[in-house]
Amino acid sequence: MDVATCSYTSFASRSTISLPTSPAFTLPIAVIRLNNRRKIRCYNNTTNTLQQSVNGSECSNGGKDKHCVTDLMSWMLVNGLNSDCKVILKERPSHIVDHPSIHYVAASEELQSGDIAFSVPNSLVVTLERVLGNETVAELLASNKLSELACLALYLMYEKKQGKKSFWYPYIRELDRQRGRGQLAVESPLLWSSSELSFLTGSPVLVFDSPYLVHGFNHGYRIRLAEILQRSEGIRKEYNELDTVWFMAGSLFQQYPYDIPTEAFPFEIFKQAFVAIQSCVVHLQGVSLARRFALVPLGPPLLAYKSTCRAMLTAVDGAVQLVVDRPYKAGEPISVWCGPQPNSKLLLNYGFVDEDNPYNRLVVEASLNVEDPQYQDKRMVAQRNGKLSVQSFLVHVGKEREAVADMLPYLRLGYVSDASDMQSVITSEGPICPVSPCMERAVLDQLLDYFTKRLSGYSTTLADDDLLLADQDLNPKRRVATQLVRLEKKILHACLQATMELINVLPDHSISPCPAPYAPSLK
């Protein structure tokens with residue numbers, strides 16, 4: 001399961017809120033403050049303990065009116081959730097005093113590997129097919145300029161404007177309660193303030209300055225787009241295409257007496273909703289294009305994520321179910337797999353960092369010098385060996401030595417300057433380059449300088465990070481940001497160590513590095 005992510009904040013302030021409406025329309029959703037020991041479990045449909053009306057009083061008909069129930073679990077039970085599900089909703093306090101506590105899904109009884117924790121009927125699952133009511137239109141939109149996430153966000157934004165009249169009111173209210181926060185009570189950095197983003201200084205998530213070569217331009221400097229900026233620009237493009245949904249699926253919006261999307265919702269409001277949906281959506285496998293992205297009550301953000309978990313939400317006949325992959329004790333939070341994502345994606349999508357993430361990685365981008373007279377020959381040799389003129393090398397945690405070794409043939413190729421040596425490379429098989437002692441020293445020195453400078457771009461050292469994380473009262477956003485940059489720096493330190501070891505085994509340390517007028521660039 002590949003889960004895309006996100007969170008949401010209030011447009012008027014930095015406090016978070018999901019699926020926001022326009023400033024002119026305020027949905028009267030009361031924040032319910034629950035006792036810390038209260039649990040919401042899968043009661044039988046005849047139980048009306050938690051089936052309260054929208055004004056807070058118990059339903060006079062015993063909870064049988066589907067529009068009367070506002071509690072999430074009770075609403076799901078009334079609308080088709082099996083009463084034999086094996087989960088409860090528990091809560092943990094928020095790190096911010098004026099924010100409601102965090103709800104999470106936990107086992108209601110002991111579970112064994114292979115047990116079905118819950119099965120949510122399709123009638124309670126939001127997909128593009130359900131939203132648009134026409135699979136052809138849904139697939140057309142999904143394959144055109146507008147993503148499923150944008151369509152789902154727009155749908156729930158209009159539904160929120162319906163208030164308590166909306167069928168999805170209990171689910172939307174629960175999303176609002178979560179405020180786009182993951183289980184660490186932190187929302188996506190896409191919605192952080194500029195001062196909060198400074199916690200990520202040095203990380204590719206934020207920004208990274210480096211020498212960069214562009215085909216057809218002179219050697220110079222530019223700022224590589226940070227992941228946050230790239231994602232924000234993508235959301236802006238989605239917003240500019242919103243009215244496409246309105247015109248292509250006009251029948252859907254006849255029930256909404258509001259303006260077209262870009263007039264009804266400012267960009268910042270849509271961005272908050274988009275980020276919220278991104279953090280909640282589930283990528284279902286083996287279904288049609290119109291159903292592959294789904295919003296599942298009891299799914300994210302109520303489920304915890306774990307990179308080493310193998311349980312995932314799956315589509316079965318008429319429902320979406322969760323089969324656990326290990327034993328659970330009663331009351332223990334249930335985890336699902338978030339896909340093979342590095343920590344930078346986990347933070348942007350879900351607001352958390354996994355210390356034990358086996359998929360964590362950094363990217364080192366190397367590029368051949370376009371001003372090199374032998375650029376075209378080197379480009380051909382690189383392509384013959386499965387590399388590009390601008391090549392991204394993935395440095396996976398625990399495999400830093402292998403990554404450095406993988407970079408060396410490419411960098412050696414960039415350092416070849418003699419025409420006869422280049423001809424020898426062209427006629428040889430495999431990534432073979434004549435390597436002189438001075439060339440090898442130049443290549444390793446460039447790598448050493450690169451990793452050293454990249455580490456210097458962070459505002460803290462590993463020792464500083466350890467001191468920060470030892471503070472129990474550390475700001476939650478500062479904590480996850482520190483976790484992210486600390487793990488990035490560990491990868492870079494391992495690369496630095498691997499490079500130093502290669503330098504130390506050179507036969508002659510008195511040899512100076514070869515001059516390299518057309519050395520490849522690293523960024």
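Data block above holds the structure.
In this text, all values refer to a predicted model and were calculated from it rather than measured experimentally.

S.K.: How should the sheet that holds strand β15 (residues 390-396) be read in this particular structure?
M.R.: Across a sheet, paired strands are connected by hydrogen bonds in the backbone, their directions being either parallel or antiparallel. Read from one edge of the open sheet, three strands run β15-β14-β16, paired in antiparallel fashion. Both outer strands of the open sheet, β15 and β16 (521-522), are each paired with one neighbouring strand and no more. Bridging between strand β14 (residues 361-367) and β15 involves seven bridges; their strand directions are antiparallel. Note on β15: the bridge partner recorded for arginine 361 is histidine 396. Packed on one face of the sheet, helix α17 (residues 476-504) meets β14 and β15 and runs near 50 degrees to β14.

S.K.: Would you explain the state of the cysteines in this entry?
M.R.: Covalent bonding between the sulfur atoms of two cysteines defines a disulfide. Enumeration according to the criterion identifies one disulfide in this entry. Here cysteine 438 pairs with cysteine 514 through a disulfide, and the sulfurs are 1.5 Å apart. Looking along the S-S bond of the cysteine 438-cysteine 514 disulfide, the torsion reads about 45 degrees, which is the right-handed sense. Within this pair, whereas cysteine 438 is found in helix α15 (residues 437-456), its partner cysteine 514 is found in the loop between α17 and β16, the two being separated by 76 residues in sequence. Not engaged in a disulfide, the cysteine cysteine 338 finds its nearest cysteine sulfur in cysteine 309; these two sulfurs lie 8.7 Å apart.

S.K.: What exactly am I supposed to notice about the sheet that holds strand β8 (residues 282-283) here?
M.R.: Read from one edge of the open sheet, three strands run β5-β9-β8, paired in antiparallel fashion. The sheet is open, and its two edges are formed by β5 (126-127) and β8, each paired on a single side. Bridge analysis of β5 against strand β9 (residues 293-295) gives two bridges, and the strand direction is antiparallel. Following the sheet pairing, valine 126 is matched in β9 by leucine 295. Here helix α4 (residues 148-161) sits on the sheet and contacts β5 and β9; the angle it forms with β9, its principal contact strand, is near 25 degrees.

S.K.: Which parts of the structure should I look at to understand the side chain of serine 166?
M.R.: Along the chain, serine 166 turns up in the loop between α4 and α5 (169-178). On the basis of relative accessible area, serine 166 is assigned to the buried category, the value being 5%. Looking at serine 166, its side chain comes within polar contact range of the side chain of glutamate 159, at 2.4 Å. With sequence-adjacent residues up to four places away left out, serine 166 is seen in contact with Glu159 and Ile172.

S.K.: Honestly, unusual backbone geometry in this entry has me stumped. Any pointers?
M.R.: Excluding glycine, residues mostly carry a negative phi; peptide bonds, for their part, are mostly trans. Residue proline 301 follows proline 300 across a cis peptide bond; omega there is 5 degrees. As for its placement among the helices and strands, proline 301 is situated in the loop between β9 and β10 (304-305). At leucine 298, a position not held by glycine, the phi torsion is positive, near 80 degrees. Take leucine 298: it is sitting in the loop between β9 and β10. On the accessibility criterion, leucine 298 (1% relative accessible area) is buried.

Scoring rules and cut-offs
- Residues numbered from 1 in each chain as written.
- Predicted model: local features only at pLDDT ≥ 70, side-chain atom pairs only at ≥ 80, totals over all residues.
- Heavy atoms only, no water.
- Pairing = 2+ DSSP bridges.
- Helix = DSSP H or I, 4+ residues; strand = E, 2+ residues; numbered from the N terminus.
- Contact = heavy atoms within 4.5 Å.
- Axes fitted to C-alpha atoms, helices over the stretch in contact; angles between N-to-C directions.
- Disulfide = S-S within 2.5 Å.
- Buried < 20%, exposed > 50% of the residue type's maximum accessible area, 1.4 Å probe, protein only.
- Polar contact = N/O pair within 3.5 Å; in protein donor to acceptor, adjacent residues only side chain to side chain.

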